[in-house]
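Observations on the model geometry
For reference, the chains in residue letters:
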Amino acid sequence: MSTLLVRNIHTLLTMDHHRRELRDASLFIRDGVIEAVGSLAEMPVQTADQVLDLSHHIVLPGLVNTHHHMVQSLTRVCAQDSELFGWLKTLYPIWSRLTGNAVYTASKLAMAELILSGCTTSSDHLYIYPNDVTLDHQIQAAAEIGIRFHAARGSMSVGESKGGLPPDSVVEDEAFVLKDTQRLIQQYHNPARHAMLRIVVAPCSPFSVSPDLMRESAYLARHYAVSLHTHLAENDNDIAYGLEKFGQRPGDYAESVGWVGNDVWHAHCVKLDADEIKRFGHTHTGVCHCPSSNMRLASGIAPVRQMLDVRVKVGLGVDGSASNDSGHLLAEARQAMLLQRVMGDPAGLSAREALQMATLGGASVLNRDDIGALAPGMSADLIAYRLDTVAFAGAQHDPVAALTFCAPASVDYSVIGGKIVVKEGHLQTVDLPRVIEDHNRVSRQLINGE
């Protein structure tokens, strides 16, 4: 049994049922689960195995990243002026040289970046498996660094010769994809509350897999009660491809192959129309909003305000580090808030709504009821930012809003499953300088074809 007491918190954003924001607050954690939230006097004991005094900090639930391609951290700043399809065609040949070690190295770097930005739970969508690459390489990295992880077994099966976008050299046989996905679920998936690892079934996109694989993947996922994830309605070319190949808009296509429901979430959804948004709200289908990536690739502005207004589940994602070129989840919350305002409504998305998307919204999208809020019975995933810094000066009257209005900060503390993963700004679970050195070496070899 291990205990952790977090006391004297300057400001505590709980994201609980009442959305309480507490001053001079405390948390008591036992065996990775929150036992009490309130004043120090309300804690079951006044000390613990470990005690953190956070009188200069704002504390909130760990952020939840619902879409990423961690291997892309190896290929940042490539195809700098391309839209999605051109960008992909530039990078597919480089990614075809990926190895298992490259995936492991890239994932560990990307996870470190996420954790330092405030992320405690992340999904990743690995959809390219050349050479000796398997999803096991990412799973190993997640276990070593200590992040709560949803590993999405992606796939591409329709190459250029069959009318798809990717080159034939990087697509897989559909029967093998389903068999390997089944293996991963049976070997790794943990459905229990507070699980550190879950497996997601995740064919890449309508323009890189067949409708048959989409249907069979949905059947497989529901047989094992795991979640489904893919890209959808990302840009105009994506819409045009679906109309030409399937004669359907994204919403109709998703429904026709069984990809709507509480166990499904789609990345991007920039080009969903009003009817499709309502359909997603009615069916409890989730959406991951990736504002920086959508801007970088000139895909457009996702209609997040309209989604939230009809109760679509919306989370945030940093997306791949070659289409965002960073992995700072708090920065994505800020971008999400600002991007809904740039269309003309200064109240298009509030600071607290953006933070809710980054916490509870992400938890809902991942179909979890044990993360995203700080309350008794929830997983002990929490983050703390220092308030006595240059970035927060002048914003002490509303430190919650300052998290998204002011410059995105790095965490001073991160606790995942009751374990201190970041202490005083330093990652505790890996040798970060060594990770960066290894990553840069692998990146250079990959890009140069060495």
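Further up the page is the structure itself.
Residues numbered from 1 in each chain as written. Predicted model: local features only at pLDDT ≥ 70, side-chain atom pairs only at ≥ 80, totals over all residues. Heavy atoms only, no water.

What follows is about helix α4 (residues 174-188). Along an α-helix, a turn takes 3.6 residues, which lines up residues three or four apart on a common side. A rise of 1.5 Å per residue sets the reference length of α4, with its 15 residues, at 21 Å; its end C-alpha atoms lie 21 Å apart and thus fit the reference within 8%. Inspection of α4 places V177, D180, T181, L184 and I185 among the buried residues, and these make up the whole buried set. Axial view of α4: buried residues confined to an arc of 140°, hence all on one face. Projecting away from the buried face of α4 at angles above 90 degrees are the exposed residues A175, K179 and Q186. Packed against the buried residues of α4 are α3 (136-145), β8 (148-155), β9 (197-203) and α5 (211-224). With a side-chain oxygen lying 3.1 Å from the backbone nitrogen of A175, the N-terminal cap of α4 falls on D173. (Helix = DSSP H or I, 4+ residues; strand = E, 2+ residues; numbered from the N terminus. Expected span 1.5 Å × (residues − 1). Buried < 20%, exposed > 50% of the residue type's maximum accessible area, 1.4 Å probe, protein only. Arc of directions from axis to C-beta. Contact = heavy atoms within 4.5 Å. Polar contact = N/O pair within 3.5 Å; in protein donor to acceptor, adjacent residues only side chain to side chain.)

Moving on to unusual backbone geometry. Backbone geometry at N8 places phi at a positive 55°, although glycine is not the residue there. As for its placement among the helices and strands, N8 is situated in strand β1 (residues 3-13). We note that R19 has phi near 55°; this positive angle belongs to a residue other than glycine. Mapped onto the elements, R19 comes out in the loop between β1 and β2 (21-30).

Before going further, it helps to spend a moment on the nonpolar core. Nonpolar side chains tend to gather and get buried jointly when the protein is soluble and globular. Within the largest apolar cluster, 140 residues are counted, with the highest numbers of intra-cluster contacts made by L27 and Y385. Tallying contributions element by element places helix α2 (residues 100-117) first for this core, with ten residues. If sequence neighbours within four positions are ignored, L27 has contacts with L4, L5, V6, I9, L12, I34, A36, V37, M43, V59, L374 and L382. (Core = buried A, V, L, I, M, F, W, Y, C linked by side-chain atoms within 4.5 Å.)

Such coordinate-based values are descriptive only and should not be taken to indicate function.
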